Amino acid sequence: MPGVLIVGSSRGIGLGLVDVHLADGWEVHATVRSGQPPRDDSSLTTHSYDVRDLQQLETLVGRVGELDRVIHNAGVMRVSRSETMEVNAVAPIRTVEALLDAGRIREGGNISIMTSQLGARRGRTGSLGDYGDSKAALNDEFRRRAPEWAGRGVTAVVIHPGWVKTEMGGPGAPVTVAESATGIKRVMDRLRPDDNGKFLTWDGRIHSW
């Protein structure tokens, strides 16, 4: 049974990703900041993990087994700029590095970090707003790290999950959670080594930086 770690799984896209992987027979490790497991399923293990907490990261790395896939979905909006940068830009890279350093991701495995089209500069200068700046910073650091991660035998991408009907996306968003989660899983199922370092969309298109 293949194993996946989904960071940020209590609701929205993260919970949708839990559902589609469970439905496809995966062993799922899901993280939540607090509260109850997102689903009651024998193939689901829930871990408490606030991505700002280094001790909880160490505990998480010690408890998950070998993984075929890591999806870092945790993110925030409409909080302080410092917290936005910490959660959206710093924590995803730190989490992936810790898992790789501990040998938790199998050779041939894949990694996806959720980014946003709002962090795509497309050659522009100046601020994109706190949220956009955090995702742009994530994209920049990902592009720097991705070649080295490929050297460790994994394929890593960043994915724009679409404008999704979630608490963050709002009720007017055109994409449902199920559509986004299904699309993201399909993209990851099809990843090949030459996809490493790409910025993709939930429906498989190349996104501009």
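Up top is the structure these notes are about.
Our next topic: the pattern of salt bridges. One pass over the full model with this rule turns up 20 salt bridges. A salt bridge links Asp24 to Lys185; the shortest N-O distance between them is 2.7 Å. Here Lys185 lies in helix α5 (residues 177-189) and Asp24 lies in the loop between α1 (12-23) and β2 (27-32), a separation of 161 residues in the sequence. Overall, the relative accessible area of 46% leaves Asp24 in the partly exposed class. Note on Lys185: relative accessible area 7%, which makes it buried. Measuring nitrogen to oxygen at the nearest pair gives 3.2 Å for the salt bridge that ties Asp203 to Arg205.

Glancing now at α1. With twelve residues, α1 extends 17 Å between its outermost C-alpha atoms, agreeing within 8% with the 16 Å of an ideal straight helix rising 1.5 Å per residue. Summarising burial for α1: nine of the twelve residues are buried, a large majority. Summarising the contacts, the buried residues of α1 are in contact with β1 (3-7), β2, β3 (44-48), β4 (67-72) and α5. Downstream of α1 by a residue or two, Gly25 has a phi angle that is positive, lying close to 85 degrees.

Before going further, it helps to examine the nonpolar core. Across soluble globular proteins, nonpolar side chains have a tendency to be buried as a group. Counting 31 residues, the largest nonpolar core has Leu5, Leu99, Ile111, Ile113, Phe142 and Trp149 as the members making the most contacts within it. Only β1, α2 (54-63), β4, α3 (81-101), β5 (105-114), α4 (129-151) and β6 (155-160) provide two or more residues apiece to this core. Among the elements that line this core, the one with the most residues is α3, at seven residues. Excluding residues that lie within four positions of it along the chain, Leu99 makes contacts with Leu5, Val61, Val64, Leu67, Val70, Arg104 and Ile105.

What follows is about the side chain of Asp50. With respect to the secondary-structure elements, Asp50 resides in the loop between β3 and α2. Since its relative accessible area comes to 16%, Asp50 is described here as buried. Separated by 2.7 Å, the side chains of Asp50 and Arg52 make a polar contact. Setting aside residues up to four positions removed in sequence, Asp50 forms contacts with Arg33 and Gln56.

With that settled, the discussion passes to unusual backbone geometry. You will see that Arg78, though not glycine, has its phi angle at about 60 degrees, which is positive. Examined against the element boundaries, Arg78 turns out to sit in the loop between β4 and α3. Residue class for Arg78 comes out exposed when judged on its relative accessible area of 67%. Although it is not a glycine, Arg122 sits at a positive phi angle of roughly 50 degrees. Here Arg122 shows up in the loop between β5 and α4.

This paragraph deals with the sheet that holds β3. The seven strands are arranged β3-β2-β1-β4-β5-β6-β7 in an open sheet whose pairing can be described as parallel. The open sheet has two free edges, formed respectively by β3 and β7 (199-201), since each of these has just one partner strand. Sheet twist, expressed as the mean angle between neighbouring strand axes with direction ignored, is 20 degrees. As paired elements, β6 and β7 share three bridges and run parallel to each other. Looking at β7, one finds that Val158 is bridged to Phe199.

This brings us to the environment of Arg81. With respect to the helices and strands, Arg81 occurs in helix α3. Its relative accessible area of 39% is what places Arg81 among the partly exposed residues. Ignoring sequence-local partners within four residues, the contact set of Arg81 consists of Gly129, Asp130 and Asp133. At 2.7 Å, the side chain of Arg81 and the side chain of Asp130 are in polar contact.

Turning our attention to the layout of surface pockets. Approximately 1000 Å³ is the volume found for the largest pocket. Lining the largest pocket we find 39 residues, and of these Arg11, Asn73, Gly75, Val76 and Met168 sit closest to its centre. Contributing elements (two or more residues each) for the lining of the largest pocket: α1, β2 and α4. Here the residues of the lining of the largest pocket sort into 16 nonpolar, 16 polar and seven charged.

Each value, and the rule that gives it
- Residues numbered from 1 in each chain as written.
- Predicted model: local features only at pLDDT ≥ 70, side-chain atom pairs only at ≥ 80, totals over all residues.
- Heavy atoms only, no water.
- Salt bridge = Lys/Arg side-chain N within 4 Å of Asp/Glu carboxyl O.
- Helix = DSSP H or I, 4+ residues; strand = E, 2+ residues; numbered from the N terminus.
- Buried < 20%, exposed > 50% of the residue type's maximum accessible area, 1.4 Å probe, protein only.
- Expected span 1.5 Å × (residues − 1).
- Contact = heavy atoms within 4.5 Å.
- Core = buried A, V, L, I, M, F, W, Y, C linked by side-chain atoms within 4.5 Å.
- Polar contact = N/O pair within 3.5 Å; in protein donor to acceptor, adjacent residues only side chain to side chain.
- Pairing = 2+ DSSP bridges.
- Axes fitted to C-alpha atoms, helices over the stretch in contact; angles between N-to-C directions.
- 1 Å grid on protein atoms, 1.4 Å probe; cavity = no way out; pocket = protein on both sides within 12 Å on 5 of 7 lines; lining within 4 Å.
- Points joined across faces, edges and corners; volume = space filled by probe spheres on them.
- Nonpolar A, V, L, I, M, F, W, Y, C, P; charged D, E, K, R; others polar.

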